[in-house]
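Take a look at the letters that make up each chain.
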There are 2 protein chains.
Amino acid sequence: MKGRILEAARHLFAEYGFSGVTTRMLAREVGIDISTLYYHWGEKQDLYDAVMADLSCEIRAKLREIERMVHGGSLAHRLEVAIDVMCDWLFAHPEAAKLMLSSYMGKSRSAPDAHVPIKEHIANIAVAMGLALDRTRVPARANARVLTVWNSAINFTAGEDFFLPMLGVDRDEYRSVVKDTLKFILIPAFAQSSAA
Amino acid sequence: MKGRILEAARHLFAEYGFSGVTTRMLAREVGIDISTLYYHWGEKQDLYDAVMADLSCEIRAKLREIERMVHGGSLAHRLEVAIDVMCDWLFAHPEAAKLMLSSYMGKSRSAPDAHVPIKEHIANIAVAMGLALDRTRVPARANARVLTVWNSAINFTAGEDFFLPMLGVDRDEYRSVVKDTLKFILIPAFAQSSAA
DNA sequence: GTAGGCTTCCAACAAATGATGGATTCTCGT
DNA sequence: ACGAGAATCCATCATTTGTTGGAAGCCTAC
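Residues numbered from 1 in each chain as written. Chains lettered and ligands numbered in written order. Predicted model: local features only at pLDDT ≥ 70, side-chain atom pairs only at ≥ 80, totals over all residues. Heavy atoms only, no water.

Caption draft 1: Local environment of the overall build of chain A. Broken down by element type, chain A carries 10 helices and zero strands. Shown N-terminal to C-terminal, the secondary structure of chain A runs as helices and strands in the order α-α-α-α-α-α-α-α-α-α. Counting only residues that meet the buried cut, chain A has 53% of its 196 residues in that class. For chain A, restricting intrachain contacts to residue pairs at least 6 apart in sequence, the fraction spanning at least 24 positions comes to 65%. As displayed, chain A offers around 8800 Å² of accessible surface, 53% of which is attributable to carbon and sulfur atoms. (Helix = DSSP H or I, 4+ residues; strand = E, 2+ residues; numbered from the N terminus. Buried < 20%, exposed > 50% of the residue type's maximum accessible area, 1.4 Å probe, protein only. Contact = heavy atoms within 4.5 Å. Areas by Shrake-Rupley, 256 points an atom, 1.4 Å probe, with all protein chains shown as cover.)

Caption draft 2: The arrangement of the protein's contact with DNA strand C in detail. The local shell around DNA strand C holds 16 residues, among which A:Ser35, A:His40, B:Thr23, B:Tyr38 and B:Lys44 are the closest. Of everything in DNA strand C that lies within 4 Å of the protein, sugar and phosphate atoms constitute 54%. Within the side chain of B:Arg24, a nitrogen or oxygen atom sits 2.9 Å from a base nitrogen of DNA strand C. B:Lys44 has a polar side-chain atom sitting 2.8 Å from a phosphate oxygen of DNA strand C. Elements supplying a minimum of two residues to the surface near DNA strand C: helix H3 (34–41) of chain A together with helix H2 (23–30) and helix H3 (34–41) of chain B. When residues in the surface near DNA strand C are grouped by element, the largest group, four residues, is from H3(A). For the surface near DNA strand C, the residue count by class is five nonpolar, six polar and five charged. (Near = heavy atom within 4 Å. Polar contact = N/O pair within 3.5 Å; in protein donor to acceptor, adjacent residues only side chain to side chain. Nonpolar A, V, L, I, M, F, W, Y, C, P; charged D, E, K, R; others polar.)

Caption draft 3: The relation of the copies chain A and chain B, seen in detail. Structural alignment of chain A on chain B gives an RMSD of 0.0 Å, achieved by rotating through 180 degrees and translating 0.0 Å along the axis. Here the symmetry operator amounts to a two-fold rotation axis. Of every C-alpha in chain A, the one belonging to A:Ser19 sits nearest the axis of rotation, 2.7 Å from it. A symmetric contact is evident, with 100% of the interface residues of chain A recurring at the interface of chain B. (Least-squares fit on C-alpha atoms with pLDDT ≥ 70 in both.)

Caption draft 4: Spotlight on the interface of chain A and chain B. At the interface, 44 residues of chain A touch 44 residues of chain B. Buried surface at the junction of chain A and chain B, summed over both partners, amounts to about 4400 Å²; 69% is from carbon and sulfur atoms. At the junction of chain A with chain B, the criterion picks out two salt bridges. Run the count over chain A and chain B and you get two residue pairs in polar contact (both at pLDDT 80 or more). (Buried area = accessible area lost by both parts, 1.4 Å probe. Salt bridge = Lys/Arg side-chain N within 4 Å of Asp/Glu carboxyl O.)

Caption draft 5: The arrangement of the environment of A:Tyr38 in detail. Residue and element names in this part refer to chain A. With respect to the secondary-structure elements, Tyr 38 resides in helix H3. Taking the C-alpha atoms as reference points, Tyr 38 and Thr 23, 15 residues apart in sequence, are found 9.0 Å from one another. With near-sequence residues (within four places) excluded, Tyr 38 lies in contact with Thr 23 and Glu 43.

Caption draft 6: Structural context of the packing of aromatic side chains. Scanning the model with the defined rule gives 17 aromatic pairs over all chains in all. Ring centres of B:Phe156 and B:Tyr174 lie 6.5 Å apart, and the angle between their planes is 70 degrees; on these two criteria the pair is classed as edge-to-face. Pair noted here: B:Phe156 is in helix H8 (residues 140–158) and B:Tyr174 is in helix H10 (residues 171–195), with a separation of 18 residues, a long-range link. B:Tyr174 carries the same exposure label as B:Phe156, and that label is buried. An aromatic cluster is present here, built from A:Tyr104, B:Phe91, B:Phe156, B:Phe162, B:Phe163 and B:Tyr174 joined pairwise through their rings. Over the face of the ring belonging to B:Phe184 we find A:Arg145, whose NZ or CZ atom lies 4.1 Å from the ring centre. (Phe/Tyr/Trp six-rings, centres within 6.5 Å; stacked < 30°, edge-to-face > 60°. Lys NZ or Arg CZ within 6 Å of the ring centre and 35° of its normal.)

Caption draft 7: Broad picture of the packing of helix H5 (residues 75–92) of chain A against helix H8 (residues 140–158) of chain A. All names here are of chain A. Interaxial distance between H5 and H8 falls to 9 Å at its minimum, and their mutual angle equals 35 degrees. Crossing of H5 over H8 shows right-handed handedness. On H8, the residues touching Ile 83, Met 86, Cys 87, Leu 90 and Phe 91 of H5 are Val 149, Trp 150, Ala 153, Ile 154, Phe 156 and Thr 157. (Axes fitted to C-alpha atoms, helices over the stretch in contact; angles between N-to-C directions. Left-handed = near helix turned anticlockwise from the far one by under 90°.)

Caption draft 8: Main features of the environment of B:Glu15. All names here are of chain B. With respect to the secondary-structure elements, Glu 15 resides in helix H1 (residues 2–16). Taking the C-alpha atoms as reference points, Glu 15 and Lys 98, 83 residues apart in sequence, are found 7.4 Å from one another. A distance of 2.8 Å separates polar atoms of two side chains, one belonging to Glu 15 and the other to Lys 98.

Caption draft 9: Structural detail: the pattern of salt bridges. Residue and element names in this part refer to chain A. Enumeration over the complete set of coordinates arrives at 24 salt bridges over all chains. A salt bridge links Arg 171 to Glu 160, with the nearest nitrogen and oxygen atoms 4.0 Å apart. On the criterion of sequence distance, the pair formed by Arg 171 in helix H10 (residues 171–195) and Glu 160 in helix H9 (residues 160–167) is long-range, its members being 11 residues apart. For Arg 171, a relative accessible area of 47% corresponds to the partly exposed category. A residue is classified by how much of its surface remains accessible, and Glu 160, at 3% relative accessible area, is buried. The salt bridge involving Arg 175 is made with Glu 160; its shortest N-O contact spans 3.2 Å.

Caption draft 10: Structural context of the protein's contact with DNA strand D. Contacts to DNA strand D come from 16 residues, most closely from A:Thr23, A:Lys44, B:Ser35, B:Tyr39 and B:His40. Those atoms of DNA strand D that come within 4 Å of the protein belong to sugar or phosphate at a rate of 54%. Note that a phosphate oxygen of DNA strand D is positioned 2.8 Å from one of the backbone N or O atoms of B:Asp33. Interatomic distance of 2.3 Å between a side-chain N/O atom of B:Ser35 and a base nitrogen of DNA strand D. Elements represented by at least two residues in the surface near DNA strand D include exactly helix H2 (23–30) and H3 of chain A together with H3 of chain B. Top contributing element to the surface near DNA strand D by residue count: H3(B), with four residues. Tallied by class, the residues present in the surface near DNA strand D amount to six nonpolar, six polar and four charged.

Structure (structure tokens):
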């Protein structure tokens, strides 16, 4: 039950934002009483924090998995696999992308260190991609390039319902176009960087 | 007064989202009574719609201005100027970026055609950049590439407060890094596209 | 079976919120 | 000066929302 509530909260918070979700909405979605919700997770803010903590954990695991997966290949191969795997996961979990986006923009939601793991992993990706040698001293420009890839993936997955009709393609083709676009645009830039 | 309310609403809605803003918040921000708010703009949803319509209009004008500005130059020059001017404007109006971002992701806020002008202008940019010949038949991949530029600019401006500490630079340097990154990553990709 | 703990529901409350009617003030043309 | 219309404020209402106390149900160890 605790899990079912968390999952429902995850989807609702992603869709409507923190203030856009009421405790009654949540209870109705799960099919339980409001009190049961409070019994398991405490107040609304605590539940939201739990959702974000859970998400943060998943992201960290996924990034570690990718890091292991691409270890040792060429730069182009690393980029291609990373983009493929990350996009697949994000397309399968668009709520994750939406939650991340709103946590980026919103005014100090939850703890200020909720984004720290992201920061660390962006730095790790920069090192893994050969843009920096030491993960404690990643140049701002290298971080910015990794962030551009990351944000683009988040955007296209979180905003699929919005962007899909703009491109005039069907669902499968959209996902293919997004991956190709990320690779097409980003791989040459990074390759150029590593050559310089 | 109508204008002052609209501007306050613009900033508050951008920061806290539609549900995160109360009519009392708005009234207090402007320093007026709640009723005055209703007198000028009707219900909260109407005010939100007005904010979005106003924003849509501004974006359209800005894009037209850029289109005129870069008319006739080389592809690289067009891209560079477009990125410079658009980033300058977005950095000066981060609420605009935040509003756009939330309108992309939110579940059917306001009228469904609120995004149509964006769609048209993305297509226009694609044509202006030489990625398509006819603005009614822009290939999905060309649109996707333009969208990537667009979204990246929106992200870095809307999330400045979040990304700035991640890059460990000051405000001015951040804006410079963002512009450089967008140009560095995107110009080669588009140039490669036009060569193919 | 039954005592005790874990889970769920019912009912309710205080505060916040969207919205409105009517009184009051302000503006300005005559 | 004054009167009409626009603009603003005060007081208030009905709902919604977050949250809680306590009763009822369910499960399990003895």
